[in-house]
Amino acid sequence: MSDYPSTPRRKDKHTKHPDPVNTSTPSKSKFDIVQNALMSPFGGKNNDTPHRKSKSTNILEDLAPAIMTPKMMAHASTVNARGGGGNRQRLLPAGSSHSLDFATLGRAPMRLSLGTRRISSRDLEIVEATDELLEQEIPEADTSVSLLRGFSATIPSSEANKSRRRQLRHVDLPRLGGSKGRGLLTGPGDDLADEAESVVSEDDVVIIDPSSKRKGKGKLVPKRKRESLSAAKFLGTDELKRQSHEIMKDKENLHVRRRLINHEIAEITHKIESLDAILQDLEHDLIRIQEEELELDDEYAGVQERLEFERHGSDRGRDQSVPSRTSKRRRGPAFLPSEHDQLPPGVAFMTLESHIAPIVSLDFSEPYGTLVSTSTSQDPQPRVWDLMSASEIGRLRGHQGAVRCVQVEDQLCLTGGEDGDVRLWDLRKVDDDDEGELVELSEIIEEDEEGHAAPTNGVHSPTRESPSKDVCTRVLQGHTKRITSLYFDDECLVTGASDKTLRQWDLSTGQCVMTMDILWAMNHSSLPAPAFGGNADEDFVGGLQFWGYGLVSGSADGAVRMWDMRTGQNHRTLVGHTAPISCLQFDELHIVTGSRDKTIRIWDLRTGGTLQTLKYDFPVNDLQFDSRKVIAATEGDSGVKIFNRTSGQQSTITMNGHSEPVQRLRFMDRYLVTGGREGTVKVWSL
């Protein structure tokens, strides 16, 4: 059965050569219907010409793949099945020809689709969620200006009403100020032009009293009294109401423009904030890059030192009691177990409890190595700890009084005590049952005629029955008061004491090779010596360090002195602190000092000037720094202060830390050890 019933073909009156054979046509296919509908506007009345047919066919061939979709075919079939042949006439507008235009063809499927719309799953979801949607709070209306309203308020035509009102207030005058008015440019012939001007309307002229008299040569002199220019105009009620409405509309337009400008300002402000955030992130990335570069520099220096150490390691045939290098000069990352990377930074993950008095000094050989900590005279025996197992190995017995300073390198330890002695310890021989007696050193002992041993050159070494268990290998005597600071590197040791002297020792022989008098340097200095407190005799030398032949010391007078260890002369003094110096450290470029005046100063080693001053709320007890950070402990704070040298930011770590102020600290790479006033030792991950 055909989808489209056959209909008699209408004869075209304009056809010149009708075909007598095709008086009736068979049923048309869907393709023919669409072709006739689409091509009729192009063909018109002469659509049977060969030229137009070929052009229509070409256009149809291009459009057919896009138009003859399954949905289009289904609509056409539905229309034909419901309405039969009359449906085509219903699509045609009344009084139109048999051809369909594009607009009609585009509207027909839309009209049909609206009437046969199917319910989608989205509609069902909305129906099911009706109660939930009704319970939702309705958001506040958007106060932003619509696009159409903003356009209407900003286009140039919005000023038309204002211009019209301004023109209505204009009053036409023959000439402002007369033909010879001051400030008006006049040219020849202007008077004639004025006489030739037509008279303006009566509503716009200035009324002059005709009774005015003429003076002189026929000049008309008006009276001083005249009407106001505003009285010459009569606008009317309707015009005034119109102007009132226009003024209100103009005010509304100004309000809209103000809101638009405020909105633009808010957008620009938001963009600026976003750009500032992006800039801050980029600056942080740059800081991280700088820190990574510094870390790589340290790692490279550490690799070079390790290469030199391993290259000459086989040639070393020295005594194990003498250090080969110092850990304080070690560069680059330390060797850490893999579990250390899993620890959160800034948290104390280990606590060592044994002391019953505040920690005075501490030092360790390497991360998870050997630690030595000392306390006050209430607990004078230094403790030796195994940081890997967090256990106490033993104690160092021998000093008469408390130990004020300590330095550890590998398995060698040096301590300086209140008795004025410096002792060297072999930490490999420390155990719980060791009494810490002194070992006999035959190479530095001289026997008298009676066979009794006598120490020489300030080296004390009494005998012992079982020297294999001896922990203290040497005693250096020479200071008359307590030793408050010491530093050794390779075979050289420098100590500072409350007797106001610095002594240089040769560890290979145990002899004091040079004494540097701080009082003599103070008296012969051209700089005024700062005043210091009454407790200066107890801790006169707060810190010292040397590298090569350069020695730096900080004393209780607040001065930082630089010494030449070859001559023992003080060749430079840095003045800036106003209280005793409690700690110091330096590298190739900078000296960092901490003082009781609550400041840390970073000095330029080349110029001697202060580069930066870090201020705190309490006096500084101890510090240590590397190329990226400065870590400090203050008197009244239980946290550890960290200053980022790259970004300039300061932070404090307190997580699982001390309950009382931190007294001493040492760190290496990402491994930090601190001692508090409560007598505990904490190990941190940085």
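Being a predicted model, the structure only gives us computed values, none of them experimental. (Residues numbered from 1 in each chain as written. Predicted model: local features only at pLDDT ≥ 70, side-chain atom pairs only at ≥ 80, totals over all residues. Heavy atoms only, no water.)

Asks: What is the right way to look at the overall build of the protein chain in this model?
Replies: When you go through the protein chain residue by residue, the secondary structure sums to 12 helices and 33 strands. By the burial criterion, 36% of the 686 residues in the protein chain qualify as buried. The contacts in the protein chain between residues at least 6 apart in sequence include a share of 52% that link residues at least 24 apart. When the accessible surface of the protein chain is split by element, carbon and sulfur atoms take 52% of a total near 42100 Å². (Helix = DSSP H or I, 4+ residues; strand = E, 2+ residues; numbered from the N terminus. Buried < 20%, exposed > 50% of the residue type's maximum accessible area, 1.4 Å probe, protein only. Contact = heavy atoms within 4.5 Å. Areas by Shrake-Rupley, 256 points an atom, 1.4 Å probe, with all protein chains shown as cover.)

Asks: Hey, could you run me through the sheet that holds strand β7 (residues 391–395) in this one?
Replies: Two strands in a sheet stick together by hydrogen bonds in their backbones, pointing the same way (parallel) or opposite ways (antiparallel). Spatially, four strands are ordered β4-β5-β6-β7 in an open sheet, and the strand pairing comes out antiparallel. One side of each edge strand has no neighbouring strand; the edge strands of this open sheet are β4 (359–364) and β7. When strand polarity is set aside, the average angle formed by the axes of neighbouring strands in this sheet is 25°. Note: strand β6 (residues 383–386) against β7, four bridges, orientation antiparallel. Bridge pairing links D386 to S391 in β7. (Pairing = 2+ DSSP bridges. Axes fitted to C-alpha atoms, helices over the stretch in contact; angles between N-to-C directions.)

Asks: Would you take a moment to explain the pattern of salt bridges for this structure?
Replies: Counting across every chain of the model gives 17 salt bridges. The salt bridge involving R242 is made with E246; its shortest N-O contact spans 3.1 Å. With R242 and E246 both in helix α11 (residues 237–312) and four residues apart, this pair spans about one turn of that helix. A salt bridge links D379 to R383; the shortest N-O distance between them is 2.5 Å. Exposure remark for D379: the relative accessible area of 6% places this residue in the buried category. (Salt bridge = Lys/Arg side-chain N within 4 Å of Asp/Glu carboxyl O.)

Asks: Explain the pairing of strand β23 (residues 581–586) here, please?
Replies: On any regular strand, side chains alternate: one points to one face of the sheet, the next to the other face. With six of six residues buried, β23 lies mostly within the body of the structure. Here β23 runs beside strand β24 (residues 590–595); their pairing, made up of five bridges, is antiparallel. Bridge pairing links L584 to T593 in β24. Hairpin geometry of β23 and β24 is characterised by an intervening segment of three residues between the two adjacent antiparallel strands.

Asks: Please clarify how α11 should be interpreted in this entry.
Replies: For an α-helix the count is 3.6 residues per turn, leaving residues at separations of three or four pointing the same way. Between its terminal C-alpha atoms α11 stretches 111 Å, which fits the 112 Å expected from 76 residues at 1.5 Å a residue. Among the residues making up α11, those that are buried are E239, Q243, E246, D250, N253, V256, I287, D298, A301 and G302. (Expected span 1.5 Å × (residues − 1).)

Asks: Explanation requested: the sheet that holds β24 in the structure shown.
Replies: The four strands are arranged β23-β24-β25-β26 in an open sheet whose pairing can be described as antiparallel. Pairing within the sheet leaves two strands with one partner each, and these edge strands are β23 and β26 (610–615). Sheet twist, expressed as the mean angle between neighbouring strand axes with direction ignored, is 15°.

Asks: Help me out: how do you make sense of the side chain of D557 in this one?
Replies: As for its position among the elements, D557 is in the loop between β20 (550–555) and β21 (559–564). We classify D557 as buried; its relative accessible area is 0%. Of note is the side chain of D557, whose polar atom sits 2.4 Å from the side chain of S555. In this structure the side chain of D557 is engaged in a polar contact, spanning 2.8 Å, whose partner is the side chain of R561. (Polar contact = N/O pair within 3.5 Å; in protein donor to acceptor, adjacent residues only side chain to side chain.)

Asks: Is there a simple way to think about the packing of aromatic side chains in this case?
Replies: Given two aromatic rings, their pairing is described by the distance between the two centres and the angle made by the two planes. Per the stated rule, a full pass over the model turns up four aromatic pairs. Arranged with centres 5.3 Å apart and planes meeting at 85°, the rings of Y487 and F546 form a pair that is edge-to-face. In this pair, Y487 sits in strand β15 (residues 483–489) while F546 sits in strand β19 (residues 541–547), placing the two residues 59 residues apart along the sequence. Overall, the relative accessible area of 5% leaves Y487 in the buried class. The ring of F540 carries the charged tip of K500 above its face, separated from the ring centre by 5.2 Å. (Phe/Tyr/Trp six-rings, centres within 6.5 Å; stacked < 30°, edge-to-face > 60°. Lys NZ or Arg CZ within 6 Å of the ring centre and 35° of its normal.)

Asks: How should a nonpolar patch on the surface be read in this particular structure?
Replies: A surface patch of nonpolar side chains, about 300 Å² in accessible area, is lined by L275, I278 and L282. Among the residues examined, I278 registers a relative accessible area of 47% and is labelled partly exposed. (Patch = residues over 30% accessible without salt bridge, like charges linked within 9 Å, V, L, I, M, F, W, Y side chains within 5 Å.)

Asks: Honestly, the environment of Q407 in this entry has me stumped. Any pointers?
Replies: Structurally, the position occupied by Q407 is in strand β8 (residues 403–409). As a C-alpha pair, Q407 and L362 span 45 residues in sequence and 7.5 Å in three-dimensional space. In terms of polar contacts, Q407 uses its side chain to reach the backbone carbonyl oxygen of F488, at 3.1 Å.

Asks: Any chance you could explain the pairing of β24 here in plain terms?
Replies: Counting buried residues in β24 gives six out of six residues, a clear majority hidden from the surface. Across the two faces of β24 the burial is the same, with H590, V592 and G594 and I591, T593 and S595 all buried. Both β24 and strand β25 (residues 599–604) contribute to a ladder of five bridges, which runs antiparallel. From the neighbouring strand, I591 faces β25, where its bridge partner is W603.

Asks: Help me out: how do you make sense of the nonpolar core in this one?
Replies: Soluble, globular proteins show a tendency: their nonpolar side chains are buried together. In terms of nonpolar packing, the biggest core is built from 17 residues, with V494, L502, I518, L544, F546, L551 and W563 touching the most fellow members. Those elements that place two or more of their residues in this core are β16 (492–497), β18 (511–517), α12 (518–523) and β19. Apart from residues lying up to four places away in sequence, L551 is in contact with V494, L502, M516, L544, Q545, F546, R561, M562, W563 and M565. Residues F364, Y368, W385 and V683 belong to the second largest nonpolar core, which totals 15 residues. (Core = buried A, V, L, I, M, F, W, Y, C linked by side-chain atoms within 4.5 Å.)

That's the geometry; what it means functionally is another story.
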